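A look at the structure
Okay, here's what each chain looks like letter by letter:
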2 protein chains.
Amino acid sequence: MAPPSLETEIIVARNFSDAQMLADGIRSGRPLVLDLRTTEPEMVRRLVDFTSGLTYALDGKMAKIAQGVILVSPVGVAVSSAELDRLAALGLYGSA
Amino acid sequence: MAPPSLETEIIVARNFSDAQMLADGIRSGRPLVLDLRTTEPEMVRRLVDFTSGLTYALDGKMAKIAQGVILVSPVGVAVSSAELDRLAALGLYGSA
């Protein structure tokens, strides 16, 4: 079996139908970066609640990695420091 | 292996911390009845979004079985008609 991919998929979620894309990504075992920086606050709440259910069910993890940016990791998948550097260059990591 | 229990667990959810009880129930493979009839509308939204993520992740199902009442079933678990009769007697099934 190949080691899990360490590159994250970046999802800019605007509405609740984006939740399914998120769910399919997590179910496939890939870490996702949920970019909610331009999402309406009420929709942020809904997407975060949905993602909480999703990750709780699958023993995954959610971590806020910048203002409005959440890293969602399936169980057993870690994101490399090189990948975090890539996210930082995109403004998606560390800029709180 | 014993057949899955067909009796549902009835959860009256009032706040978001009840979501974890719900999640643990579903993860244990047991069908749940989520009674939201006396829950604040905003909290209903949050609990339903969380449950959607949970059931989507686990290939479960959600069905509205009465006004403010949702049946949450893990994959491969059906609820018997006798159990639905029991729920109906409690006002949790069919009264739309």
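Before reading on, note that the structure itself is shown above.
Residues numbered from 1 in each chain as written. Chains lettered and ligands numbered in written order. Predicted model: local features only at pLDDT ≥ 70, side-chain atom pairs only at ≥ 80, totals over all residues. Heavy atoms only, no water.

The next point concerns the relation of the copies chain B and chain A. Between chain B and chain A, which share one sequence, the superposing operator has a rotation angle of 180° and an axial displacement of 0.0 Å; the RMSD is 0.0 Å. The transformation just described matches what one would write down for a two-fold rotation axis. An overlap of 100% is found between the interface residues of chain B and their copies at the interface of chain A, pointing to a shared contact surface. (Least-squares fit on C-alpha atoms with pLDDT ≥ 70 in both. Contact = heavy atoms within 4.5 Å.)

The phi dihedral of Asp59 of chain A is positive, around 60°, even though this residue is not glycine. Its place among the elements puts Asp59 of chain A in the loop between helix 2 (41-57) and strand 3 (61-66). (Helix = DSSP H or I, 4+ residues; strand = E, 2+ residues; numbered from the N terminus.)

Once that is clear, we can look at the sheet that holds strand 2 (residues 32-35) of chain B. Residue and element names in this part refer to chain B. Pairing within the open sheet is mixed, and its 4 strands lie in the order 1-2-4-3. Each end of this open sheet is capped by a strand with a single partner; those strands are strand 1 (9-12) and strand 3 (61-66). In this sheet, adjacent strand axes meet at a mean angle of 25° when their direction is disregarded. Across 4 bridges, strand 1 lies against strand 2 in parallel orientation. Residue pairing for strand 2: Ile10 is matched across the bridge by Val33. (Pairing = 2+ DSSP bridges. Axes fitted to C-alpha atoms, helices over the stretch in contact; angles between N-to-C directions.)

Those residues of helix 1 (residues 18-27) of chain B that fall on the buried side of the exposure criterion are Asp18, Ala19, Leu22, Ala23, Gly25 and Ile26 of chain B. Buried residues of helix 1 of chain B, viewed axially, fall in a sector of 160°; they line one side. For helix 1 of chain B, the elements touching its buried residues are helix 2 of chain A together with strand 1, strand 2, helix 2 (41-57) and strand 4 (69-73) of chain B. In the segment just after helix 1 of chain B, Gly29 of chain B is the residue with positive phi, at about 90°. (Buried < 20%, exposed > 50% of the residue type's maximum accessible area, 1.4 Å probe, protein only. Arc of directions from axis to C-beta.)

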